[in-house]
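Letter by letter, the chains look like this.
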Amino acid sequence: FSVIDMILDGSFSRNIVSNTVPQEVLNQMNIQTFESLTEEIKQKFNTCVICSENFDDKDKVKLLKCSHVYHDECIDPWLLNHANKCPICKKKLIN
């Protein structure tokens, strides 16, 4: 999807008004396994703060720009329905 497509279908203005992340942006974010992260990040963030569960090596995760890690299935609903911000540090995902 391009920004023009998002404007035409209304999702662009809906997400600006609600200050959430469009599904198209979430779909483009890199999903990786927890074991593929650096040792430093794995030691620092070994629990998903959204669900309070420890990460397993095979868990699918998203690493945000701020370096905070979440289960893919936990962070997507947060960004899509709640806020365009990291739940921990409140840094915006997209400006």
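Look up: the structure comes first, before these words.
Let me sum up the structure you'll find in this document. Computed from a predicted model, the values in this text were never measured in an experiment.

1. What about unusual backbone geometry?
The backbone of Ser52 sits at a positive phi, close to 65 degrees, despite the residue not being glycine. With respect to the helices, strands and loops of the structure, Ser52 is situated in the loop between α4 (39-44) and β2 (60-63). By relative accessible area, which is 57% here, Ser52 ends up exposed. One non-glycine residue, Ser67, lies in positive phi territory at about 80 degrees. Within the secondary structure, Ser67 is located in the loop between β2 and β3 (69-71).

2. Overview of empty space enclosed by the protein
A full pass over the atoms with the stated rule returns 1 cavity of 30 Å³ or more. Of the volumes computed, that of the largest cavity is approximately 40 Å³. Every residue along the wall of the largest cavity is listed here: Leu64, Lys65, Cys66, Lys85, Cys86, Lys91, Lys92 and Leu93. Split into classes, the residues belonging to the lining of the largest cavity amount to 4 nonpolar, no polar and 4 charged.

Thresholds, definitions, all that
- Residues numbered from 1 in each chain as written.
- Predicted model: local features only at pLDDT ≥ 70, side-chain atom pairs only at ≥ 80, totals over all residues.
- Heavy atoms only, no water.
- Helix = DSSP H or I, 4+ residues; strand = E, 2+ residues; numbered from the N terminus.
- Buried < 20%, exposed > 50% of the residue type's maximum accessible area, 1.4 Å probe, protein only.
- 1 Å grid on protein atoms, 1.4 Å probe; cavity = no way out; pocket = protein on both sides within 12 Å on 5 of 7 lines; lining within 4 Å.
- Points joined across faces, edges and corners; volume = space filled by probe spheres on them.
- Nonpolar A, V, L, I, M, F, W, Y, C, P; charged D, E, K, R; others polar.

Bear in mind that shape data such as this cannot, by itself, settle questions of function.
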